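# Chain and residue survey
So you can see what is in the structure, the chains are spelled out below.
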Amino acid sequence: MSYSTIRYDVQDGVALLTLSRPDAMNAFTTVMGEEMADAFDRSDADPAVRAMVVTGEGRAFCAGADLSLGAETFNAVATAQAEGELVDTDPQWRDFGGRLNLRIFDSEKPVVAAINGASVGIGATMILPMDARVALAGAKFALPFTKRGIAWDGCASWFLPRLVGVEAALDWGLSGRTFLAEEALARGLVSELQDTPEAVLERALERARLFVKDTAPVSVAMNRRLLWRMLGASHPMEAHRLESRAILHRGMSPDAAEGVTSFLEKRTPNFPGQVPADYPAGWPWDTDPQY
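Just so we're clear, the structure is a prediction, and the values are computed from it rather than from any experiment.

## Some remarks on the packing of aromatic side chains
Considering all chains together, one arrives at nine aromatic pairs under this definition. Measuring from ring centre to ring centre gives 5.9 Å for Phe105 and Trp158, while their planes differ by 75 degrees; the resulting arrangement is edge-to-face. On the criterion of sequence distance, the pair formed by Phe105 in helix H3 (residues 96–105) and Trp158 in helix H5 (residues 156–164) is long-range, its members being 53 residues apart. For Trp158, a relative accessible area of 28% corresponds to the partly exposed category. Seen in terms of ring centroids, Trp172 and Phe179 are 4.1 Å apart; in terms of plane orientation they differ by 5 degrees. Their pairing is stacked. Note on accessibility: Trp172 and Phe179 belong to one class, buried. An aromatic cluster is defined as three or more aromatic residues linked by ring pairs; in this entry it consists of Phe105, Trp158, Phe159 and Trp228.

This is the structure in structure tokens:
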């Protein structure tokens, strides 16, 4: 796929996905969502990519959905309703932000958000399934769905309270108010702040490299999936079952031998296992539910 709304570059094992509609403050469109999903497919399939950083071009990270295109969607819904063909459980009406966030959730590689400016609506919800979030001091955040008369998107009702707790999620989600990066930091939505957009990106790249440095790619990918999936588990036994299988298979792998040997020899490890080629047989052992 050739991209018109994003840029995708790989350097030193880290893919950089840049939202690239700066004149529109990187407002989200269905095309952007499709291109982002394709970039995650590329990242997952490329063993040379160990982590991804997502950022925005210009003065915003993402100012939300492009409302100038919203009439097309509402017209399609209105037409289906008028013709008696509107079935609200039909997959054609799936929230596109939710589809994107489920794709990020399924990433085989760790994902870091470099929030270089305003992060609003889908711009604020797309960061939720990412694994670390570095933001620009003073950047504005908002989940303004109640102020637009709609419901929130991006599976935010699942992700957000798991990151910041129910009280903060209700505060931001019900009021729809704008808040600054400093409040986002205090309540756990972002992990750190930087003073300039350039510093935000550099720190995000550093965070991504921490996932890469001296770690086994297969172990990183498996641990990421296990942790995210277990946020919804009903009992720790579910984690115990999957972790027991994972540590058994990982312990039999060449990566485990290299990890122990390199430690004893006091040298940097050179793990042979790659993603996606060297997962244990049958992985993943849990399955995602259907829509």
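Moving on from the coordinates now.
## Quick word on the layout of surface pockets
Taken as a whole, the second largest pocket holds about 170 Å³ of empty space. Considering the residues around the second largest pocket, the lining is formed by Pro110, Met130, Asp131, Phe211, Val220, Asn223, Arg224, Leu227 and Trp228. Within the lining of the second largest pocket, the residues separate by chemical class into six nonpolar, one polar and two charged.

## Remarks on the sheet that holds strand S2 (residues 14–19)
Spatially, six strands are ordered S1-S2-S3-S5-S7-S10 in an open sheet, and the strand pairing comes out mixed. Either end of the sheet is taken by a strand with one partner, and the two such strands are strand S1 (6–11) and strand S10 (192–194). Strand after strand, the sheet turns through a mean of 20 degrees between neighbouring axes, direction not considered. Judged from the four bridges that link them, strand S5 (residues 111–115) and strand S7 (residues 132–136) form a sheet pairing that is parallel. The residue bridging Val112 from the neighbouring strand is Ala132, located in S7. Set on the sheet, helix H1 (residues 30–45) makes contact with S1, S2, strand S3 (51–56) and S5; between it and S1 the angle comes to about 15 degrees.

Cut-offs used in this document
- Residues numbered from 1 in each chain as written.
- Predicted model: local features only at pLDDT ≥ 70, side-chain atom pairs only at ≥ 80, totals over all residues.
- Heavy atoms only, no water.
- Phe/Tyr/Trp six-rings, centres within 6.5 Å; stacked < 30°, edge-to-face > 60°.
- Helix = DSSP H or I, 4+ residues; strand = E, 2+ residues; numbered from the N terminus.
- Buried < 20%, exposed > 50% of the residue type's maximum accessible area, 1.4 Å probe, protein only.
- 1 Å grid on protein atoms, 1.4 Å probe; cavity = no way out; pocket = protein on both sides within 12 Å on 5 of 7 lines; lining within 4 Å.
- Points joined across faces, edges and corners; volume = space filled by probe spheres on them.
- Nonpolar A, V, L, I, M, F, W, Y, C, P; charged D, E, K, R; others polar.
- Pairing = 2+ DSSP bridges.
- Axes fitted to C-alpha atoms, helices over the stretch in contact; angles between N-to-C directions.
- Contact = heavy atoms within 4.5 Å.

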